[in-house]
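# Remarks on the overall topology
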Amino acid sequence: MGILQKNPFTQDVGKQMYSFGHNKTVLIVGLGNIGKKYLETRHNLGFMCVDYFAHTNEFPQWIEKKDMKGYISQKTLGETRVMLLKPSTMMNRSGEAVRAIADFYKISAENTFVVHDELDIPFGQIRTRMGGGPAGHNGLKDVIKHFGSNFGRVRIGVGSDEKPARMDSSDFVLANLSDKERKELPNLRKEVSSILTEIIYSGELTPETRSFLV
């Protein structure tokens, strides 16, 4: 179960659960940009959350696969082999790594789950869904280009009234987390980790909305 309260009144698209069963390989992808200047930006929340999940579940050290354009780590949890991926390209070329890893390890889109920030969702919410469009996210756009759209998403809201009206959206997501957002980062990472754990052990992704604010 999630560590924080689920919101039963803000279901995302549909109520259908997607089950991938056991004895499967699941690919979990964190989206972000490589480089020190991007470490604490809103656009790197995918990296931050997958790093936290890897640490708390004692995954092996990340290994760079240059031919596959990404950093990977893998471990079996329960009856499921879990592959973690952080693309080593910039965000707008993330699909190249996803395609390469999925092809090499024969992982379908239905067994792939991408963790990413989303400006259209209010800060304080995490939404899950299977399939859909990129919602203006360049990383997702490239994943869809190379891999199709039928993968799962863990969408972390970064929408905020702190964003100046005249500030470009790309500049906002590439800015560092605010003090308020940084304070909530531990709750955010724990809730995303809880969601990923549920997906792996239950074999189901249920479209829903959760809050990570206390």
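Predicted, not measured: the structure shown is a model, and the values here were computed from it.

In terms of residue burial, strand 7 (residues 112–122) counts as a mostly covered element, since eight of its 11 residues are buried. Summarising the sheet, strand 3 (residues 25–30) and strand 7 pair through four bridges and their orientation is parallel. Paired with isoleucine 28 across the strands is phenylalanine 113, a residue of strand 7. As paired strands, strand 7 and strand 9 (residues 152–159) are joined by seven bridges and run parallel to one another. Note on strand 9: the bridge partner recorded for valine 115 is valine 154.

Ranked by size, the top nonpolar core spans 31 residues in total, and within it Ile28, Leu45, Phe53, Leu84, Val115, Ile156 and Val192 carry the most contacts. Within the residue set of this core, elements represented by two or more residues are strand 3, helix 1 (45–56), strand 6 (80–87), strand 7, strand 9, helix 4 (169–173) and helix 5 (179–202). Per element, the largest residue contribution to this core is seven residues, and it comes from helix 5.

Here helix 5 is 24 residues long and its end C-alpha atoms lie 35 Å apart, about the 34 Å a rise of 1.5 Å per residue gives. Within helix 5, the axis deviates most sharply at leucine 185, by approximately 45°, and proline proline 186 lies no more than four positions further along. Among the residues trailing helix 5, glycine 203 stands out with phi positive, at a value near 75°.

The final tally for this structure, using the stated rule, is 11 salt bridges. For glutamate 96, the salt bridge is made with lysine 69, and the minimal N-O distance between the two is 2.6 Å. On the criterion of sequence distance, the pair formed by glutamate 96 in helix 2 (residues 94–105) and lysine 69 in the loop between strand 4 (63–65) and strand 5 (70–77) is long-range, its members being 27 residues apart. A relative accessible area of 32% places lysine 69 in the partly exposed class. Sharing partners across several salt bridges, the network here consists of Glu191, Glu198, Glu208 and Arg210.

Bringing the layout of surface pockets into the picture now. Within this model, the largest pocket holds a volume of roughly 340 Å³. Lining of the largest pocket is provided by 17 residues; of these, His43, Gly136, His137, Asn138 and Val173 occupy positions nearest its centre. For the lining of the largest pocket, the elements supplying multiple residues, two or more each, are strand 7 and helix 4. With four residues, the single largest contributor to the lining of the largest pocket is strand 7. Looking at the lining of the largest pocket residue by residue, the class counts come to six nonpolar, eight polar and three charged. Approximately 190 Å³ is the volume attributed to the second largest pocket.

Bringing the environment of lysine 86 into the picture now. For lysine 86, the position within the fold is in strand 6. Using a relative accessible area of 13% as the deciding quantity, one classes lysine 86 as buried. Residues lysine 86 and tyrosine 71 lie 15 residues apart in sequence; the distance between their C-alpha atoms is 5.1 Å. With sequence-adjacent residues up to four places away left out, lysine 86 is seen in contact with Gly30, Phe47, Asp51, Trp62, Gly70 and Tyr71. Side chain to side chain, lysine 86 and aspartate 51 meet in a polar contact 2.8 Å long.

Analysis parameters
- Residues numbered from 1 in each chain as written.
- Predicted model: local features only at pLDDT ≥ 70, side-chain atom pairs only at ≥ 80, totals over all residues.
- Heavy atoms only, no water.
- Buried < 20%, exposed > 50% of the residue type's maximum accessible area, 1.4 Å probe, protein only.
- Helix = DSSP H or I, 4+ residues; strand = E, 2+ residues; numbered from the N terminus.
- Pairing = 2+ DSSP bridges.
- Core = buried A, V, L, I, M, F, W, Y, C linked by side-chain atoms within 4.5 Å.
- Expected span 1.5 Å × (residues − 1).
- Bend = angle between axes of the 7 residues up to and from the residue.
- Salt bridge = Lys/Arg side-chain N within 4 Å of Asp/Glu carboxyl O.
- 1 Å grid on protein atoms, 1.4 Å probe; cavity = no way out; pocket = protein on both sides within 12 Å on 5 of 7 lines; lining within 4 Å.
- Points joined across faces, edges and corners; volume = space filled by probe spheres on them.
- Nonpolar A, V, L, I, M, F, W, Y, C, P; charged D, E, K, R; others polar.
- Contact = heavy atoms within 4.5 Å.
- Polar contact = N/O pair within 3.5 Å; in protein donor to acceptor, adjacent residues only side chain to side chain.

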